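A closer look at the structure
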Amino acid sequence: MDIKYMNRAIELAKLGAGYTNPNPLVGAVIVKNNKIIGEGYHKIYGGPHAEVEAIRNSTEDLIGSTMYVTLEPCSHYGKTPPCVNAIVEKGISKVVIGMKDPNPLVAGKGIEILEANGIEVITGVLEEEVKKLNEIFIKYITTKEPFCIMKTAMTIDGKIATKNGDSKWITNEKSREYVHELRHRVSAIMVGIGTVLKDNPLLTTRTNEEKGKDALRVIVDTSCRIPLDARVLNLKSNAKTLIATTEKADKEKIKALKDKGAEILFIPVKKGKVDLKYLVSKLGEMSIDSILLEGGSTLNSSALNEKIVDKVITFIAPKIVGGKEAKTPVDGEGIGFVKDAIILKHIEVSKFDEDVMIESYIRRRD
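Residues numbered from 1 in each chain as written. Predicted model: local features only at pLDDT ≥ 70, side-chain atom pairs only at ≥ 80, totals over all residues. Heavy atoms only, no water.

**Focus: the UniProt feature "binding site: substrate" (unreviewed entry) in the chain**
UniProt records the feature "binding site: substrate" (unreviewed entry) for Ser-167, Arg-183, Leu-203, Arg-206 and Glu-294 in the present numbering. Checked against the element boundaries, Arg-206 lands in the loop between α8 (193-199) and β8 (216-220). Setting aside residues no more than four positions away along its own chain, Arg-206 makes contact with His-180 and Arg-183. Engagement of the side chain of Glu-294 in a polar contact is seen with the side chain of Arg-183, the distance being 2.7 Å. (UniProt positions renumbered as here; feature names shortened; annotations may be inferred. Helix = DSSP H or I, 4+ residues; strand = E, 2+ residues; numbered from the N terminus. Contact = heavy atoms within 4.5 Å. Polar contact = N/O pair within 3.5 Å; in protein donor to acceptor, adjacent residues only side chain to side chain.)

**Some remarks on the nonpolar core**
Counting 41 residues, the largest nonpolar core has Ile-30, Met-67, Ile-92 and Val-95 as the members making the most contacts within it. Here Met-67 is in contact with Val-29, Ile-30, Glu-51, Ile-55, Ile-87, Ile-92, Lys-94, Val-95 and Val-96, once residues within four sequence places are set aside. In this structure, Ala-215, Leu-233, Ile-243 and Leu-292 belong to the second largest nonpolar core, which totals 32 residues. (Core = buried A, V, L, I, M, F, W, Y, C linked by side-chain atoms within 4.5 Å. Buried < 20%, exposed > 50% of the residue type's maximum accessible area, 1.4 Å probe, protein only.)

**Some thoughts on unusual backbone geometry**
The omega torsion across Asn-21 and Pro-22 is 5 degrees, close enough to zero to call that bond cis. Topologically, Pro-22 is positioned in the loop between α1 (2-14) and β1 (27-32). Between Lys-168 and Trp-169 the backbone carries a cis peptide bond, its omega angle lying at -10 degrees. You will see that Asn-33, though not glycine, has its phi angle at about 55 degrees, which is positive. The class for Asn-33 is exposed, based on a relative accessible area of 70%.

**Quick notes on the sheet that holds strand β13 (residues 290-293)**
Judged by pairing direction, the sheet is mixed, and its nine strands sit side by side in the order β10-β9-β8-β7-β13-β6-β14-β16-β15 without closing on themselves. Each of the sheet's edge strands pairs with one partner strand only, and the pair in question is β10 (263-266) and β15 (344-352). Taken pair by pair, the neighbouring strands of this sheet meet at an average axis angle of 20 degrees, ignoring direction. Note: strand β14 (residues 311-317) against strand β16 (residues 355-362), six bridges, orientation antiparallel. Residue pairing across strands places Ile-316 opposite Val-356, the latter belonging to β16. (Pairing = 2+ DSSP bridges. Axes fitted to C-alpha atoms, helices over the stretch in contact; angles between N-to-C directions.)

**A closer look at a nonpolar patch on the surface**
Judged by side-chain polarity, Ile-335, Ile-342, Leu-344, Ile-347 and Val-349 come together as a nonpolar surface patch covering roughly 430 Å² of accessible area. As for its position among the elements, Ile-335 is in the loop between β14 and β15. With a relative accessible area of 48%, Ile-335 lands in the partly exposed category. (Patch = residues over 30% accessible without salt bridge, like charges linked within 9 Å, V, L, I, M, F, W, Y side chains within 5 Å. Areas by Shrake-Rupley, 256 points an atom, 1.4 Å probe, with all protein chains shown as cover. Salt bridge = Lys/Arg side-chain N within 4 Å of Asp/Glu carboxyl O.)

**A look at the sheet that holds strand β2 (residues 35-41)**
In a beta sheet, neighbouring strands pair by backbone hydrogen bonds and run either parallel or antiparallel. Taken in spatial order, the five strands line up as β2-β1-β3-β4-β5 in an open sheet, and their pairing is mixed. Each edge of the open sheet carries a strand with a single partner, namely β2 and β5 (120-123). Taking the axes of each pair of neighbouring strands and ignoring which way they run, one obtains an average angle of 15 degrees across the sheet. Both strand β3 (residues 66-71) and strand β4 (residues 94-99) contribute to a ladder of five bridges, which runs parallel. When the bridges of β4 are listed, Val-69 appears paired with Ile-97. Each of β4 and β5 touches helix α4 (residues 109-116); the most contacted strand, β5, lies at about 150 degrees to it.

**Structural notes on the domain arrangement of the chain**
When cut into domains, the chain gives domain 1 (1-134) and domain 2 (144-362). Distance from the C-alpha centre of domain 1 to the C-alpha centre of domain 2: 35 Å. Contact residues are listed per partner, giving six residues for domain 1 and 14 residues for domain 2. Carbon and sulfur atoms make up 42% of the surface buried where domain 1 meets domain 2, a total of about 690 Å² over both sides. Interface area lost by domain 1 to domain 2 is led by Tyr-19, Asn-21 and Lys-132, which between them contribute 59%. Between domain 1 and domain 2 we count one salt bridge in total. Between Lys-132 and Glu-348 there is a salt bridge whose closest N-O contact spans 2.9 Å. Our enumeration of links across domain 1 and domain 2 arrives at four residue pairs in polar contact (both at pLDDT 80 or more). Looking at the side of domain 1 that touches domain 2 residue by residue, the classes come out as three nonpolar, two polar and one charged. (Domains from an automatic or database assignment. Buried area = accessible area lost by both parts, 1.4 Å probe. Nonpolar A, V, L, I, M, F, W, Y, C, P; charged D, E, K, R; others polar.)

**Re the state of the cysteines**
Under the defined criterion, the tally for this structure stands at zero disulfides. In this structure Cys-74 is not part of a disulfide, and its nearest cysteine sulfur, from Cys-83, lies 3.7 Å away. You can call Cys-74 buried: its relative accessible area is 7%. Accessibility expressed as a relative area gives 0% for Cys-83, which makes it buried. (Disulfide = S-S within 2.5 Å.)

**Focus: the environment of Ile-243**
The topology assignment puts Ile-243 in strand β9 (residues 241-245). For the pair Ile-243 and Leu-257, spaced 14 residues apart in sequence, the C-alpha to C-alpha distance is 8.7 Å. Discounting chain neighbours no more than four positions away, the residues touching Ile-243 are Ile-219, Asp-221, Cys-224, Ile-226, Leu-233, Leu-257, Ala-262, Glu-263, Ile-264 and Leu-265.

Take a look at the structure:
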């Protein structure tokens, strides 16, 4: 039964995706006499936590009940009061936890308080599932660095565009809809100036418009070549466009971009380009907990070389375009020996009609 109710808590937690960043996704279920009497999830950053929502939504007295919660209840004052206090006050007798909170402010303290008040605590139920659910939060809360997802879409022969640069559309509509879901979940979308000049993208979330949100748009542009009429500078959006540039940029152009409402972030130069590692660190300081890399092969190559990528999502379409001049997902100098190749792990495969999506994670050598 623990697994059944924890699965329900995970389902609830997912409803908060895209709205709680940089907080975790948390769901809670309260059970009494083998019946669910309360449910809740963390709906929005700064709002009530899942445990409090479940308590508020309960239909019966909570004395002697069991709470299933995906993440260890907090024990500190943040945007809201400690959840452990509410659990103790309501007479809940048992708490089943998916995973301990990696946040140093919690890190087992919530469990200690519950147990000190005579509440039975069980941990580690569906722990791996909960960890994947909160992979963004886990990295950000422990390193203060954003979780970076590199998304690519290619033909079955490994091309992201034809020899003429045409790429609309490599993947099908269902695959593209899923990409918009990814955009909704993250805090920022990052592309290089090459993508802006070639495709003039909007970088907005266009699926589920009533509930979806736009992420911060980050344009990596060493010399501020972005045209003032670029669509990312001229749209109605609930998120801003940030230009990550360097001192190479023209001061008049910087002023014009600011007049358009763009944010400017000056980043040191590394090998003639924006220092991506420094940029990602600065975004972390701005409470950006996740980045979707949607650039071309140049940005992908630089991101992999700088070791900022955590996860790779690859869409493969059943199409062949060929051509030695047609672009591949990653360019640059490349790796000289297969033994030195970047290794991916934890492979998962899904299908969107005829398209195949492969999710994987970078295996660190150090």
